[in-house]
Amino acid sequence: MIDWLDEASLDFPPSHLALGPGTDAPGLLAAGGTLTPQRLEAAYRRGVFPWYGPGQPPLWWAPDPRMVLKTADFKLSRSLRKTVQRFAATPGCEIRVDFNRAAVLHACASAPREGQSGTWIVPELQAAYLAWPAMHSVETWMDGELVGGLYGVNLGRMFYGESMFMRRTDASKIALCALICLCREFGIPWIDCQQNTRHLASLGAAEVPRNVFETHLATHVGEASPGPWTYHPAYWHRLLTST
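Below is a summary of the structure that appears in this document. These numbers come from a predicted model, not from an experiment. In this numbering scheme, every chain counts its residues from 1 along its sequence in written order. Where local features are concerned, this predicted model is filtered to residues with pLDDT of at least 70; where side-chain atom pairs are given and counted, the filter is 80 or more; whole-chain, interface and lining totals use all residues. Where side-chain values are given, they derive from all heavy atoms of the structure, hydrogens and water being excluded.

1. So, the sheet that holds strand β1 (residues 3-4)
The four strands lie next to each other as β1-β2-β4-β3, forming an open sheet whose pairing is mixed. The sheet is open, and its two borders are formed by β1 and β3 (49-50), each paired with just one other strand. Any two strands with at least two DSSP bridges between them are considered paired. Working definition: helices are DSSP H or I runs of at least four residues, strands are E runs of at least two. Numbering for both runs from the N terminus. Taken together, the two bridges between β1 and strand β2 (residues 28-31) define a ladder with parallel strand orientation. Following the sheet pairing, tryptophan 4 is matched in β2 by alanine 31.

Following this line, the structure appears as structure tokens:
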């Protein structure tokens, strides 16, 4: 059994009470609770995130292990390096941050996913994220058109990746490269990726035990958040000049 959240409280059960391996929903911690920016922040500070489908109540997760991309370990392939270099050098190609968060959310919610018939980014979740200043979008623009991007959450010196989309080849990967540059510039060492996928592993992400993840949060979420979330082309050097 899992807990049903109290509407009058922003508390969550301890993460060790999440359903474990061998259950129907490993990592499921709690259900219910109105989606508000305040509840989202209370959850993320504890390493808990919402994930559920249309017609379901809010479901809250704290999986063990946790997939994390350490920004220092990001794997930039030779082909992706060339793609980013070409993008950075082409007039009309630019990275924008928080220029159109709603469009990014809608595009991520509408993007087809292998093995999924619907979306977990339901309208009430989109509304809560858009009302939360900690949510940021990193957007790939070409000739005035939004062609890819991602969104996530920044608390202190931690970034929680949520979802991405692309309308042109490698547009989402370019946005991820820009996010790596931003995190390196801002001193953010980890990006939470939540669940293990082969694609994330190919980029350098790896699993860490939940207690290690929570210890990292305890140290970094309480730090001062970086300055304004804007992207400057000079930030590309954080990736393109690294070994």
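2. Notes on the pattern of salt bridges
Definition used for salt bridges: Asp or Glu carboxyl oxygen within 4 Å of a side-chain nitrogen of Lys or Arg. By the definition in use, this model includes eight salt bridges. When the shortest N-O distance is used, the salt bridge between arginine 46 and aspartate 11 registers 3.7 Å. Remark: aspartate 11 occurs in the loop between β1 and β2 and arginine 46 occurs in the loop between α1 (37-45) and β3; sequence separation between them is 35 residues. Buried means the residue's accessible area, taken with a 1.4 Å probe over protein chains only, is under 20% of the maximum for its type, while exposed means over 50%, and partly exposed covers the values in between. Classification of aspartate 11 by relative accessible area gives exposed; the value is 51%.

3. Brief notes about unusual backbone geometry
Working note: non-glycine residues mostly have negative phi, and peptide bonds are mostly trans. In this model, aspartate 64 is joined to proline 65 through a cis peptide bond whose omega is 10°. Unlike most non-glycine residues, aspartate 143 shows phi in positive territory, near 50°. For aspartate 143, a relative accessible area of 63% puts it in the exposed group. Phi at aspartate 170 takes a positive value of approximately 70°, unusual for a residue other than glycine. Tracing the backbone through its elements, the reader meets aspartate 170 in the loop between β9 (158-166) and α5 (171-186).

4. A look at the sheet that holds strand β5 (residues 66-70)
Spatially, β6-β7-β8-β9-β10-β5-β11 is the arrangement adopted by the seven strands of the open sheet, whose pairing is mixed. Two strands bound the open sheet, and with one partner strand each, they are β6 (93-97) and β11 (206-208). Sheet twist, expressed as the mean angle between neighbouring strand axes with direction ignored, is 35°. As paired elements, β6 and strand β7 (residues 135-142) share five bridges and run antiparallel to each other. Among the inter-strand pairings, valine 97 is bridged to a residue of β7, identified as valine 138. Residues are treated as being in contact if the distance between any of their heavy atoms lies within 4.5 Å. Orientation is described by lines fitted to C-alpha atoms, with helices fitted over the stretch in contact, and by angles between N-to-C directions that extend from 0 to 180 degrees. The sheet contacts of helix α7 (residues 210-220) involve β5, β8 (145-155), β9, β10 (190-194) and β11, and relative to β9 the element is tilted by about 110°.

5. So, the packing of helix α2 (residues 78-89) against α5
Between α2 and α5, the least distance of the axes is 10 Å, while the angle of their chain directions is 85°. Taken together, α2 and α5 sit at an angle that is classed as roughly perpendicular. Contacts from Leu80, Thr83, Val84 and Phe87 of α2 reach α5 at Lys173, Ile174 and Cys177. Note on residue classes: Ala, Val, Leu, Ile, Met, Phe, Trp, Tyr, Cys and Pro are nonpolar, Asp, Glu, Lys and Arg are charged, and everything else, Gly too, is polar. Here the contact of α2 with α5 is built from residues that sort into five nonpolar, one polar and one charged. We call two directions roughly parallel when the angle between them is under 35 degrees, roughly antiparallel when it is over 145, roughly perpendicular when it lies between 65 and 115, and oblique otherwise.

6. Digging into α5
Given the number of residues in a helix, its expected span is that number minus one, multiplied by 1.5 Å. Over its 16 residues, α5 runs 23 Å from end to end, which matches the ideal 22 Å to within 8%, given 1.5 Å per residue. For α5, the tally of buried residues reaches 13 of 16 residues, placing the bulk of the element in the interior. Directly after α5, the chain includes glycine 187, whose backbone phi takes a positive value near 75°.

7. What to know about the packing of aromatic side chains
For Phe, Tyr and Trp, rings pair up if their centres lie within 6.5 Å, where Trp contributes its six-membered ring, and each pair is then called stacked (planes under 30 degrees apart), edge-to-face (over 60) or tilted (otherwise). Tallying each qualifying case throughout the model produces 13 aromatic pairs. Seen from their ring centres, tyrosine 231 and tyrosine 235 are 5.5 Å apart, and the 85° between their planes marks the pair as edge-to-face. Of the residues examined, tyrosine 235 reaches a relative accessible area of 16% and is grouped as buried. Relative to tryptophan 236, the ring of tyrosine 231 lies with its centre 5.3 Å away and its plane at 65°, an arrangement referred to as edge-to-face. An identical accessibility class is assigned to tyrosine 231 and tryptophan 236; each is buried. Here a set of aromatic residues connected by ring pairs shows up, and it is made of Phe87, Phe159, Phe186, Trp229, Tyr231, Tyr235 and Trp236. The ring of phenylalanine 99 has arginine 96 lying over it, and the distance from NZ or CZ to the ring centre is 4.4 Å. In our convention, an over-ring charge means Lys NZ or Arg CZ found within 6 Å of a ring centre and within 35 degrees of that ring's normal.

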